Amino acid sequence: MKIQYLQLFETLRKLKNKGYVALISLMAEDLTPSKIQENTHKSIKLIYTLYNPVNKGFEEIETIINNEIQSVVTLYKSAKYDEMEIYSQFGINFKKHPNLQKIF
């Protein structure tokens with residue numbers, strides 16, 4: 001499911017209430033064109049994979065961001081280190097993260 005980044009937190013909250021209680025992975029992909037071009041803005045795709053242990057279903061949520069997005073650690077504690085890793089590698093600021101720091 002592709003959504004706007006402003007809808008991410010609310011969408012994940014609703015899915016958690018529907019039984020998708022496990023964040024299996026959080027991945028980032030750099031969509032920014034070549035750095036050779038000037039005035040290029042950062043464009044990062046975030047992919048959240050959720051799991052529902054009751055119906056054994058998976059749900060994948062994709063969104064595209066520029067520089068920052070709200071942390072989902074309050075919903076899924078497993079996001080803590082994934083967000084720190086993405087911050088280290090891509091410079092994405094996760095607002096309201098409990099301890100956002102570079103790990104690399």
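Further up the page is the structure itself.
Residues numbered from 1 in each chain as written. Predicted model: local features only at pLDDT ≥ 70, side-chain atom pairs only at ≥ 80, totals over all residues. Heavy atoms only, no water.

Moving on, we come to the pairing of strand β2 (residues 44–52). Taken across its nine residues, β2 has eight buried, putting it largely inside the fold. Relative to strand β3 (residues 57–65), β2 runs antiparallel, the two being bridged by nine bridges. Within the sheet, the bridge partner assigned to N52 lies in β3 and is G57. Hairpin connection from β2 to β3: four residues lie between these consecutive antiparallel strands, with K56 at a positive phi of about 55°. (Buried < 20%, exposed > 50% of the residue type's maximum accessible area, 1.4 Å probe, protein only. Helix = DSSP H or I, 4+ residues; strand = E, 2+ residues; numbered from the N terminus. Pairing = 2+ DSSP bridges.)

Here the focus is the packing of aromatic side chains. Here the structure, examined in full by the defined rule, presents one aromatic pair. Its end group placed over the ring of Y76, K16 keeps NZ or CZ at 5.1 Å from the ring centre. The ring of Y87 is capped by K102, whose NZ or CZ atom sits 5.8 Å from the centre of that ring. (Phe/Tyr/Trp six-rings, centres within 6.5 Å; stacked < 30°, edge-to-face > 60°. Lys NZ or Arg CZ within 6 Å of the ring centre and 35° of its normal.)

One number sums up the size of the largest pocket: a volume of about 160 Å³. Around the largest pocket, the lining residues are Y5, L6, L8, F9, E10, E68, I69, Q70, V72 and K95. Of all the elements in the fold, those that place two or more residues in the lining of the largest pocket are α1 (8–17) and β4 (68–70). Taken together, the residues that form the lining of the largest pocket break down as six nonpolar, one polar and three charged. (1 Å grid on protein atoms, 1.4 Å probe; cavity = no way out; pocket = protein on both sides within 12 Å on 5 of 7 lines; lining within 4 Å. Points joined across faces, edges and corners; volume = space filled by probe spheres on them. Nonpolar A, V, L, I, M, F, W, Y, C, P; charged D, E, K, R; others polar.)

This part covers the pattern of salt bridges. Applying the stated criterion across every chain, the model contains four salt bridges. K45 is the salt-bridge partner of E62, the closest N and O atoms lying 3.8 Å from each other. With E62 in strand β3 and K45 in strand β2, the pair connects residues that are 17 residues apart, well separated along the chain. A relative accessible area of 18% means that K45 is categorised as buried. A salt bridge links E68 to K95; the shortest N-O distance between them is 3.9 Å. Of this pair, E68 sits in strand β4 while K95 sits in strand β5 (residues 93–95), placing them 27 residues apart in sequence. Residue E68 is classed as partly exposed on the basis of its relative accessible area of 38%. (Salt bridge = Lys/Arg side-chain N within 4 Å of Asp/Glu carboxyl O.)

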